[in-house]
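# A closer look at the structure
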Amino acid sequence: MALLPRLPSPGFALLALAGAGAALTALPSSWTLAAAFLLIGVIGLPHGASDTALAAPRWRAAFGKAGLALFLAAYLGAALAAYLFWVSFPLAGLAAFLVLSAYHFGHDDLPPPLRGKSALGSPEGWLRGTMVLGGPAIFYRPEVQAIFEALLPGAEGEGAALLASLLQIAGLLALPLSLAAAVRDRGQRSSFLRSVICLVPFPPLVGFSLYFAFVHSLHQTAERGTRMGAGSLRDYLGRCWPFVAGGVLVMAVVGSALVAAPERATATLFIGLAVLTFPHILFGGTPRSAPVRKDPYPPRTLTRLSCETP
Ligand SMILES: CC1=C(/C=C/C(C)=C/C=C/C(C)=C/C=O)C(C)(C)CCC1
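The name given to the chain in an unreviewed UniProt entry is Probable beta-carotene 15,15'-dioxygenase, with Parvularcula maris as the source organism. Here the chain is described in UniProt, under the heading Catalytic activity (unreviewed entry), as follows: "all-trans-beta-carotene + O2 = 2 all-trans-retinal".

Now for the layout of surface pockets. Within this model, the largest pocket holds a volume of roughly 990 Å³. Residue lining of the largest pocket: 43 residues in total, with Val-250, Gly-272, Val-275, Leu-276 and Thr-277 positioned closest to the centre. Of all the elements in the fold, those that place two or more residues in the lining of the largest pocket are α2 (29–43), α3 (45–49), α4 (51–63), α5 (67–88), α8 (141–151), α13 (241–260) and α14 (265–283). Here the lining of the largest pocket takes 11 residues from α14, the largest share from any one element. Tallied by class, residues from the lining of the largest pocket come to 30 nonpolar, 11 polar and 2 charged.

Taken together, 19 residues sit near the ligand, with Phe-97, Ser-101, Phe-208, Thr-277 and His-280 positioned nearest. For the ligand, an oxygen atom lies 3.5 Å from a polar atom in the side chain of His-47. Across the complex, the protein chains shield 99% of the 550 Å² of accessible surface that the ligand would expose by itself. According to the grid-proximity analysis, the pocket containing the ligand is the largest cavity. Listing elements by their share of the shell around the ligand, those giving two or more residues are α6 (90–109), α8, α11 (204–228) and α14. Across the shell around the ligand, the residue classes tally to 14 nonpolar, 5 polar and no charged.

A few words now on α13. Taking 1.5 Å of rise per residue, 20 residues should cover 28 Å, and α13 covers 28 Å from first to last C-alpha, within 8% of that figure. Listed as buried for α13 are Gly-247, Met-251, Val-254, Gly-255 and Leu-258. Looking down the long axis of α13, one finds its buried residues gathered within 105° of arc, a one-sided arrangement. Of the exposed residues in α13, the ones pointing more than 90 degrees away from its buried face are Leu-249, Val-253 and Ala-260. Along its buried surface, α13 packs onto α2, α3 and α14.

Another aspect to go through is the side chain of Arg-128. With respect to the element layout, Arg-128 can be found in helix α7 (residues 123–139). Put simply, Arg-128 is tucked away with no salt bridge, and the nearest opposite charge, on Asp-109, sits 5.0 Å away. From its side chain, Arg-128 meets the backbone oxygen of Gln-188 in a polar contact 3.0 Å long. Setting aside residues no more than four positions away along its own chain, Arg-128 makes contact with Gly-106, Asp-109, Leu-110, Gln-188, Ser-191, Phe-192 and Ser-195.

Counting across every chain of the model gives 4 salt bridges. A salt bridge links Arg-115 to Glu-223; the shortest N-O distance between them is 2.8 Å. Within this pair, whereas Arg-115 is found in the loop between α6 and α7, its partner Glu-223 is found in helix α11, the two being separated by 108 residues in sequence. Assigned by exposure class, Arg-115 and Glu-223 land together as buried. Arg-227 is paired through a salt bridge with Glu-223; the nearest N and O atoms lie 2.9 Å apart.

Cut-offs and rules
- Residues numbered from 1 in each chain as written.
- Predicted model: local features only at pLDDT ≥ 70, side-chain atom pairs only at ≥ 80, totals over all residues.
- Heavy atoms only, no water.
- UniProt positions renumbered as here; feature names shortened; annotations may be inferred.
- 1 Å grid on protein atoms, 1.4 Å probe; cavity = no way out; pocket = protein on both sides within 12 Å on 5 of 7 lines; lining within 4 Å.
- Points joined across faces, edges and corners; volume = space filled by probe spheres on them.
- Helix = DSSP H or I, 4+ residues; strand = E, 2+ residues; numbered from the N terminus.
- Nonpolar A, V, L, I, M, F, W, Y, C, P; charged D, E, K, R; others polar.
- Near = heavy atom within 4 Å.
- Polar contact = N/O pair within 3.5 Å; in protein donor to acceptor, adjacent residues only side chain to side chain.
- Areas by Shrake-Rupley, 256 points an atom, 1.4 Å probe, with all protein chains shown as cover.
- Sits in = over half its atoms within 2 Å of the grid points.
- Expected span 1.5 Å × (residues − 1).
- Buried < 20%, exposed > 50% of the residue type's maximum accessible area, 1.4 Å probe, protein only.
- Arc of directions from axis to C-beta.
- Contact = heavy atoms within 4.5 Å.
- Lys, Arg positive; Asp, Glu negative; His and termini not counted.
- Salt bridge = Lys/Arg side-chain N within 4 Å of Asp/Glu carboxyl O.

Take a look at the structure:
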């Protein structure tokens, strides 16, 4: 049974994303920010909540009874380290976050055979991730720079223009190259088209939150559910409920920080995301060695999964 409902057709998904992008862009900016927060939090949260359920068996196998406690300590320690690094070295922290995120999105969005076997991933994965992060800067370079300036206090803000330009160049190079890869390889096509329709035409916050919710997170929730052997979304959420609950708590904290200091909203949203996602990228990533199907992304489905239940 599919974990998430199937869509009528791939074309429907593209139209729905384009419609949602246009609607969110037309909203007043505080509403766009609230929508981005909800999309990232509500639809994005469940995919990260399974990090522990997926990793704990490996940690238990390696460290016995202490495995779960060690995993949680490492996970929270990584979140704290990400926060401390970001506040001490904001520019280096942001640059590192962008590189790690390119790795994470690019590899997790591709069919498993294209993810590479080594920890460094594959050229296809890096190309796709570079397209995901560089895409918004192609037409919205000033907006991307403004977001970076909001993330970088004081003198570090001067690095925002350089980072935005580098992302724009990276996007301009990666878009045609990933298009060529998607034309060559049918398995990459639908996630490529969905990513482009979100990330290239719409302003960065709208595009990124749509991509993050409806391309990256939904697909990862479905893939992870299958790896865990969950039969339905309810079953999946039930197996990771303490972490869903923890995530809701973090959302409540970030949400109240957004309301209390709306002028710092973008910084709060992205710094919160960076702190949460560093351990997710480090410890929650999809194991490269998991068994896979031959044709993991049949074109008519959003949720047919890319791996067999182990
Ligand atoms: C700040 C910023 C961007 C980057 C966001 C990133 C890098 C988010 C990463 C989230 C992760 C890794 C979540 C994992 O589950 C964009 C999109 C370039 C647009 C401009 C502003």
